[in-house]
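Results of the structural survey
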Amino acid sequence: MFRQMISAAVLFAALTMLTGFVYPLVMTGVSQLVFPDQANGSMIIRDGVPVGSRLIGQNFTSPGYFHSRPSAAGKEGYDGAGSSASNLGPTNQKLMDTVKDNVQRIREENGLSRGAAVPSDLVLASASGLDPHITPEAAYAQVERVARERGLSSDVVRQLVGQQVEGRQWGIFGEPRVNVLELNLALDAIK
């Protein structure tokens, strides 16, 4: 019995070292060599200062910026520590009221007519609550407001959105999308 306890303790210590220390160190080293940008959070640096990550959404509220999709992550949204969906079902009254309010707000702030279609990603949160992308349609729906607030031509802003549209990954996976942080940084660059 004593030999079995010693064997179990040695096996436990060996597996703890292997899975708790060796494997994470090897994976960290490999990721730093092969994918250093992704391994370090895909940070966007401007003038030596990190302004955000390409992978984590941010809440833009100024009318002169393109807005991200709503977030249910945390109390204020966009909380990486509280990343999750609202878990409200399609028949939940709270979800229906939230979507109705969001549609009205989007129409008002972007000057859309009552009958105009509002892209769903401007009124519905993503599963993680941290999605950094919106559809090109959602970006184009905001062009007039952003152009007016910035004192720019709508054509200039629309062209900027077109330049920021990312295609499908490897041409087959996902849908075309626009990274809101990168779009807003590009917008700031054309002052």
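Note: the structure precedes this text.
Residues numbered from 1 in each chain as written. Predicted model: local features only at pLDDT ≥ 70, side-chain atom pairs only at ≥ 80, totals over all residues. Heavy atoms only, no water.

Considering the overall build of the chain
Per the secondary structure count, the chain includes seven helices and five strands. Counting from the amino terminus, the chain carries its helices and strands in the arrangement α-α-β-β-α-β-α-α-α-β-β-α. A globule of 191 residues ought to have a C-alpha radius of gyration of about 16 Å, yet the chain, at 22 Å, is considerably larger. Dimensions of the chain, computed from the C-alpha atoms along their principal axes, are close to 80 × 45 × 35 Å. Expressed as a percentage of contacts within the chain between residues at least 6 apart in sequence, the contacts between residues at least 24 apart total 54%. Of the accessible surface of the chain, which amounts to about 12200 Å², a share of 60% is contributed by carbon and sulfur atoms. Distance between charge centroids for the chain: 3 Å, based on 17 positive and 18 negative side chains. (Helix = DSSP H or I, 4+ residues; strand = E, 2+ residues; numbered from the N terminus. Rg over C-alpha atoms; globule rule 2.2 N^0.38 Å. Contact = heavy atoms within 4.5 Å. Areas by Shrake-Rupley, 256 points an atom, 1.4 Å probe, with all protein chains shown as cover. Lys, Arg positive; Asp, Glu negative; His and termini not counted. Charge placed at Lys NZ, Arg CZ, Asp CG, Glu CD.)

Concerning the side chain of Asp121
Mapped onto the elements, Asp121 comes out in the loop between helix 3 (93-110) and strand 3 (133-134). Buried within the structure, Asp121 lacks any salt-bridge partner; Arg69 is the closest side chain of opposite charge, at an N-O distance of 5.3 Å. In terms of polar contacts, Asp121 uses its side chain to reach the backbone amide nitrogen of Thr135, at 2.6 Å. (Buried < 20%, exposed > 50% of the residue type's maximum accessible area, 1.4 Å probe, protein only. Salt bridge = Lys/Arg side-chain N within 4 Å of Asp/Glu carboxyl O. Polar contact = N/O pair within 3.5 Å; in protein donor to acceptor, adjacent residues only side chain to side chain.)

A word on the nonpolar core
Counting residues in hydrophobic clusters, the biggest one holds 25 residues, and the most contacted among them are Phe66, Ile134, Ala139, Val157, Val161 and Leu183. Of all the secondary structure elements, the ones that give two or more residues to this core are helix 3, helix 4 (136-140), helix 5 (143-150), helix 6 (154-164) and helix 7 (180-189). Counting residues per element, this core draws most heavily on helix 7, at six residues. Those residues within four positions of Ile134 in sequence are excluded, and the remaining contacts are His67, Ser68, Arg69, Asp121, Ala139, Gln142, Arg177, Val178 and Val180. (Core = buried A, V, L, I, M, F, W, Y, C linked by side-chain atoms within 4.5 Å.)

Some remarks on the sheet that holds strand 3
Spatial ordering of the open sheet is given by 3-5-4, a layout of three strands whose pairing is antiparallel. Only two strands of the sheet have a single partner each, and these edge strands are strand 3 and strand 4 (165-166). In terms of strand pairing, strand 3 meets strand 5 (residues 177-179) through two bridges, oriented antiparallel. Across the sheet, His133 pairs through a bridge with Asn179, a residue of strand 5. Sitting on the sheet, helix 7 touches strand 3, strand 4 and strand 5, and the angle it makes with strand 5 is about 60°. (Pairing = 2+ DSSP bridges. Axes fitted to C-alpha atoms, helices over the stretch in contact; angles between N-to-C directions.)

Some words on the packing of helix 5 against helix 6
Two elements in contact, helix 5 and helix 6, have axes separated by 9 Å at closest approach and are oriented at 125°. In terms of axis orientation, helix 5 runs oblique to helix 6. Both helix 5 and helix 6 take part in a crossing whose hand is right-handed. Contact with helix 5, carried on its side by Val143, Glu144, Val146 and Ala147, involves Ser154, Val157, Arg158 and Val161 of helix 6 and no other residues of that element. Residues that form the contact of helix 5 with helix 6 fall into these classes: five nonpolar, one polar and two charged. (Parallel < 35°, antiparallel > 145°, perpendicular 65-115°, else oblique. Left-handed = near helix turned anticlockwise from the far one by under 90°. Nonpolar A, V, L, I, M, F, W, Y, C, P; charged D, E, K, R; others polar.)

Some thoughts on the pattern of salt bridges
It is possible for side chains bearing opposite charge to pair when their charged atoms get close. Enumeration over the complete set of coordinates arrives at eight salt bridges. The partner of Glu109 in a salt bridge is Arg105, and the shortest N-O contact between them spans 3.4 Å. With Glu109 and Arg105 both in helix 3 and four residues apart, the pair spans about one turn of that helix. Given a relative accessible area of 23%, Glu109 falls into the partly exposed group. Given the relative accessible area of 36%, Arg105 is considered partly exposed. Between Arg158 and Asp155 there is a salt bridge; the shortest N-O distance is 3.4 Å. Taken together, the positions of Arg158 and Asp155, both in helix 6 and three residues apart, correspond to about one turn of that helix. Accessibility expressed as a relative area gives 32% for Arg158, which makes it partly exposed. Where salt bridges share partners, they join Glu144, Asp155 and Arg158 into one cluster.

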